[in-house]
Amino acid sequence: RHPPLTMTLFDTERAAGRSLVLALVVGTTGSTSRKAGAWMPLAASGEREGLLSGGCLEADLSERARRLLASSARLDIANCDSRSSDDPIWGLGLGCEGLMRIALLRVDPDRNWEPLATLQLLLRRRSGGALALALRDTPPDLACGDCAVFDPEERGGRATATPVLHAARASWLA
């Protein structure tokens, strides 16, 4: 069991007005240390809070986060595959022998710090919720990186979302 996040890094970066990245496991195959839904905030400085692996993927994810924040992109996808010992990058005999698909999502003041602001609220309340994230463009309704957090106690529009995600959120709350 992994320790709960305190969101200290998010608080620090938000107070300084600095964008950061939410690394979110969106899929796994085989044996992995974390499963879909696990997440970790990453700062441009390389700081992070929490782990998505036993420590073997975090340096690469920090570098990817730094590059994402230096670009104009909203989302990057990392496929971390340790299933084959023949793989020159991930085949390090890591012991996991699985594949993790990790979405790296820019979180910034232009989007009201979502989805981390609502995830932090859910953590503090110790309540459940769900996150919907568009992993590719689906014109005309969704753009890659559009997201919405579904909070059963908040019926207003806390998350940045397109009309399609708002409809999905309303359906989930009904």
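Residues numbered from 1 in each chain as written. Predicted model: local features only at pLDDT ≥ 70, side-chain atom pairs only at ≥ 80, totals over all residues. Heavy atoms only, no water.

Take the overall build of the protein chain next. Across its full length, the protein chain holds four helices and six strands. Helices and strands in the protein chain line up, N terminus first, as α-β-β-α-β-β-α-β-β-α. In the protein chain, buried positions account for 43% of the 174 residues. Within the protein chain, counting contacts between residues at least 6 apart in sequence, those at least 24 apart form 52% of the total. (Helix = DSSP H or I, 4+ residues; strand = E, 2+ residues; numbered from the N terminus. Buried < 20%, exposed > 50% of the residue type's maximum accessible area, 1.4 Å probe, protein only. Contact = heavy atoms within 4.5 Å.)

The subject of this paragraph is the packing of aromatic side chains. According to the stated counting rule, one finds one aromatic pair in the structure shown. On the numbers, 6.3 Å between centres and 70 degrees between planes, the contact of Phe 10 with Trp 113 is edge-to-face. Residue Phe 10 is located in helix α1 (residues 8–15), and its partner Trp 113 is located in the loop between β4 (98–107) and α3 (116–125); the two are separated by 103 residues in the primary sequence. Comparing Phe 10 with Trp 113, the two get one shared label, buried. (Phe/Tyr/Trp six-rings, centres within 6.5 Å; stacked < 30°, edge-to-face > 60°.)

Once that is clear, we can look at helix α2 (residues 58–70). Taking 1.5 Å per residue, 13 residues should reach 18 Å; α2 reaches 18 Å between its end C-alpha atoms and fits that length. What α2 keeps buried is the set Glu 58, Leu 61, Ser 62, Arg 64, Ala 65, Leu 68 and Leu 69. For α2, the buried positions fall inside an angular range of 165 degrees around the axis, keeping them on one side. Looking at α2, the residues exposed on the side facing more than 90 degrees away from the buried face are Ala 59 and Ala 70. Turning to α2, the residues buried within the fold contact β1 (20–30), β2 (39–43), β3 (75–81) and β4. (Expected span 1.5 Å × (residues − 1). Arc of directions from axis to C-beta.)

This part covers the sheet that holds β3. Strands sit in the order β2-β1-β4-β3 across an open sheet of four strands; the sheet is antiparallel. Looking at strand neighbours, the two that pair on one side only are β2 and β3, the edges of this open sheet. Going across the sheet, the axis of each strand differs from the next one's by a mean of 25 degrees, ignoring polarity. Judged from the 10 bridges that link them, β1 and β4 form a sheet pairing that is antiparallel. Residue Ala 23 lies in a different strand from β4, and its bridge partner there is Leu 104. (Pairing = 2+ DSSP bridges. Axes fitted to C-alpha atoms, helices over the stretch in contact; angles between N-to-C directions.)

Bringing the packing of α1 against α3 into the picture now. Closest axis-to-axis distance for the α1/α3 pair is 11 Å, and the angle between their directions is 140 degrees. Judged by the inter-axis angle, α1 sits oblique to α3. The two elements α1 and α3 cross, and the hand of that crossing is left-handed. Along the contact surface, α1 presents Phe 10, Asp 11 and Arg 14, while α3 presents Leu 116, Ala 117, Gln 120 and Arg 124. (Parallel < 35°, antiparallel > 145°, perpendicular 65-115°, else oblique. Left-handed = near helix turned anticlockwise from the far one by under 90°.)

Another point: the environment of Arg 74. Secondary-structure assignment places Arg 74 in the loop between α2 and β3. For the pair Arg 74 and Val 107, spaced 33 residues apart in sequence, the C-alpha to C-alpha distance is 8.3 Å. Within the local environment of Arg 74, its side chain forms a polar contact with the backbone oxygen of Arg 106, the two atoms lying 2.2 Å apart. Side-chain polar atoms of Arg 74 contact the backbone oxygen of Gly 145, separated by 3.3 Å. (Polar contact = N/O pair within 3.5 Å; in protein donor to acceptor, adjacent residues only side chain to side chain.)

Turning next to the nonpolar core. Phe 10, Leu 22, Trp 39, Trp 113, Leu 116, Leu 119 and Leu 133 are the most contacted members of the largest nonpolar core, which has 18 residues in total. When contributions to this core are tallied by element, the ones reaching two or more residues are β1, β4, α3 and β6 (147–150). In terms of residues, this core owes the most to one element, α3, which gives four residues. Listed in part, the 17 residues of the second largest apolar core include Val 21, Ala 23, Ala 38 and Leu 57. (Core = buried A, V, L, I, M, F, W, Y, C linked by side-chain atoms within 4.5 Å.)

All right, on to α3 then. Residues spaced three or four apart along an α-helix point in a common direction, a consequence of the helix completing one turn every 3.6 residues. Within α3, the full set of buried residues consists of Leu 116, Ala 117, Thr 118, Leu 119, Gln 120 and Leu 122. On its buried face, α3 is in contact with α1, β1, β2, β4 and β6. Looking one or two residues beyond α3, the residue adopting positive phi is Arg 126, at roughly 55 degrees.

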